[in-house]
Amino acid sequence: ENLKQWIQGNLTACGRSLFLFEEMDKMHPGLIDVIVPFLGPSWVVIGSNYKKAIFIFISNSGGDDINQVALKFWRERRDREEIRLSDVESAITNTVISDHEHGFWQSEIIKQNLIDVIVPFLPLRPHHIRQCIRNELAQQGLSIEEDIVPSVADSLVYIPEDEKVFSSTGCKTVPSRLNYYL
């Protein structure tokens, strides 16, 4: 009830609000259904039009499937950028709807097809990680020292362990690793 009231209050104040729900895979199943009226076809709840609101749901579900597809492309010598939504969408959807502990488990949002777009986050290759390191140096106002970049990049964990193709944590640990090398 608190979530519904909070969303309604924000949307009444600004119909162009953006709501971000992280870690949907850890949310209690059924909780997210309180926002169905804001996503449904009527777009009007208690006299206010919420058609311009954006709801983003982030989940780690399907990550292993996405990694397997990306690894398959890499082994076939195809670019990661060639991966299309159609290559991973069904695996992501099946993982989400079959997980009894996922926030979307038997959700009306899924049953009513209220999600417009699925955006998979693809695993990052070492050159992406080096870009993250350079960006982090720039954000901290530091000069980009090219000798530090490979040291930090090489200190991260890559998967699969024997091939070291993708970063296991993306860019999440770059700031803390970078601090170690500075």
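What counts, and where the lines are drawn
The residue numbers shown here count from 1 along each chain, following its written sequence. Two thresholds apply to this predicted model, a pLDDT of at least 70 for residue-level local features and 80 or more for giving and counting side-chain atom pairs, whereas whole-chain, interface and lining totals are computed over all residues. Calculation of side-chain values draws on the structure's entire complement of heavy atoms; hydrogens and water are dropped beforehand. UniProt positions are given in the numbering used here, feature names are shortened, and annotations may be inferred rather than shown by experiment. The numbering of helices and of strands both runs from the N terminus, where a helix is a DSSP run of H or I of at least 4 residues and a strand a run of E of at least 2. Only protein chains enter the accessibility calculation, which uses a 1.4 Å probe. A residue is then buried if its area is under 20% of the maximum for its type, exposed if over 50%, and partly exposed in between. Residue contacts are defined here by distance: any two heavy atoms, one from each residue, within 4.5 Å place the two residues in contact. Per-residue and other accessible areas follow the Shrake-Rupley method at a 1.4 Å probe size, with only the shown protein chains counted as cover for residues. For the purpose of counting charges, residues Lys and Arg are taken to be positive, whereas Asp and Glu are taken to be negative. His and the chain ends are not included. Working definition for charges: the position is that of NZ of Lys, CZ of Arg, CG of Asp or CD of Glu. By convention in these notes, a salt bridge is any Lys or Arg side-chain nitrogen within 4 Å of a carboxyl oxygen on Asp or Glu. Each axis is a line fitted through C-alpha atoms, taken for helices only over the stretch in contact, and angles between the N-to-C directions span 0 to 180 degrees. Orientation labels follow simple angle bins: below 35 degrees gives roughly parallel, above 145 gives roughly antiparallel, 65 to 115 gives roughly perpendicular, and whatever is left gives oblique. Here is the rule for handedness: rotate from the far helix to the near one, and if that takes an anticlockwise turn smaller than a right angle the crossing is left-handed, while a clockwise turn gives right-handed. Charged residues are taken to be Asp, Glu, Lys and Arg, nonpolar residues to be Ala, Val, Leu, Ile, Met, Phe, Trp, Tyr, Cys and Pro, and polar residues to be all remaining types, Gly included. Here, strands pair whenever DSSP counts at least two bridges between them. The pairing test for Phe, Tyr and Trp rings, Trp by its six-membered ring, is centres within 6.5 Å, and the orientation test on the planes gives stacked under 30 degrees, edge-to-face over 60, and tilted for anything in between.

If you check an unreviewed UniProt entry, the chain appears there as Torsin family 2 member A from Aquarana catesbeiana. The Sequence similarities (unreviewed entry) field of the UniProt record for the chain holds the comment "Belongs to the ClpA/ClpB family. Torsin subfamily."

We now examine the overall build of the chain. Scanning the chain from terminus to terminus reveals eight helices and six strands. Listing every helix and strand of the chain by position from the N terminus yields α-β-α-β-β-β-α-α-α-α-α-β-β-α. Looking at the 182 residues of the chain, the share that counts as buried comes to 34%. Across the chain, contacts joining residues at least 24 apart in sequence account for 69% of those joining residues at least 6 apart. Summing over all exposed atoms, the chain offers an accessible surface of approximately 11,300 Å²; the carbon and sulfur share of this is 51%. Averaging the locations of the 18 positively and 25 negatively charged side chains of the chain gives two centres separated by 5 Å.

So, about the pattern of salt bridges. All told, the structure shown has eight salt bridges when counted by the stated rule. One salt bridge connects Glu 76 with Lys 72, and the closest N-O pair in it is separated by 3.5 Å. Lys 72 sits in the partly exposed class, given a relative accessible area of 46%. Measuring nitrogen to oxygen at the nearest pair gives 3.9 Å for the salt bridge that ties Glu 108 to Lys 111. Here Lys 111 and Glu 108 lie together in helix H5 (residues 108-111), a separation of three residues that amounts to about one turn. Using a relative accessible area of 31% as the deciding quantity, one classes Glu 108 as partly exposed.

Moving on: the packing of helix H3 (residues 63-75) against helix H4 (residues 85-98). H4 packs onto H3 with a crossing angle of 155° between their chain directions and a minimal axis gap of 9 Å. Classified by the angle their axes make, H3 and H4 are roughly antiparallel. For the element pair H3 and H4, the recorded crossing hand is right-handed. Across the interface between the two elements, Asp 65, Ile 66, Val 69 and Phe 73 from H3 touch Asp 87, Val 88, Ala 91, Ile 92 and Thr 95 from H4. Here the contact of H3 with H4 is composed, by residue class, of six nonpolar, one polar and two charged.

Every second residue of strand E1 (residues 18-21) is oriented toward a common face, the buried set being Phe 19 and Phe 21 and the non-buried set Leu 18 and Leu 20. Here E1 runs beside strand E4 (residues 54-57); their pairing, made up of four bridges, is parallel. If you follow Leu 18 over to E4, its bridge partner there is Ile 54.

According to the stated counting rule, one finds five aromatic pairs in the structure shown. Residues Phe 57 and Phe 104 carry aromatic rings whose centres are separated by 5.2 Å and whose planes lie at 75° to one another, so their mutual orientation is edge-to-face. Residue Phe 57 is found in strand E4, and its partner Phe 104 is found in the loop between H4 and H5; the two are separated by 47 residues along the sequence. The class of Phe 104 is buried, set by a relative accessible area of 5%. Their ring planes at 85° and their centres at 5.2 Å tell us that Tyr 180 and Tyr 181 sit as a pair that is edge-to-face. Each residue in the set Trp 6, Phe 19 and Phe 55 is aromatic and connected to the rest through ring pairs, giving one cluster.

Okay, the environment of His 100 next. Tracing the sequence through the fold places His 100 in the loop between H4 and H5. Residues His 100 and Pro 29, 71 residues apart in the sequence, show an inter-C-alpha distance of 7.6 Å. Once residues within four sequence positions are removed from consideration, His 100 is found in contact with Pro 29 and Trp 105.

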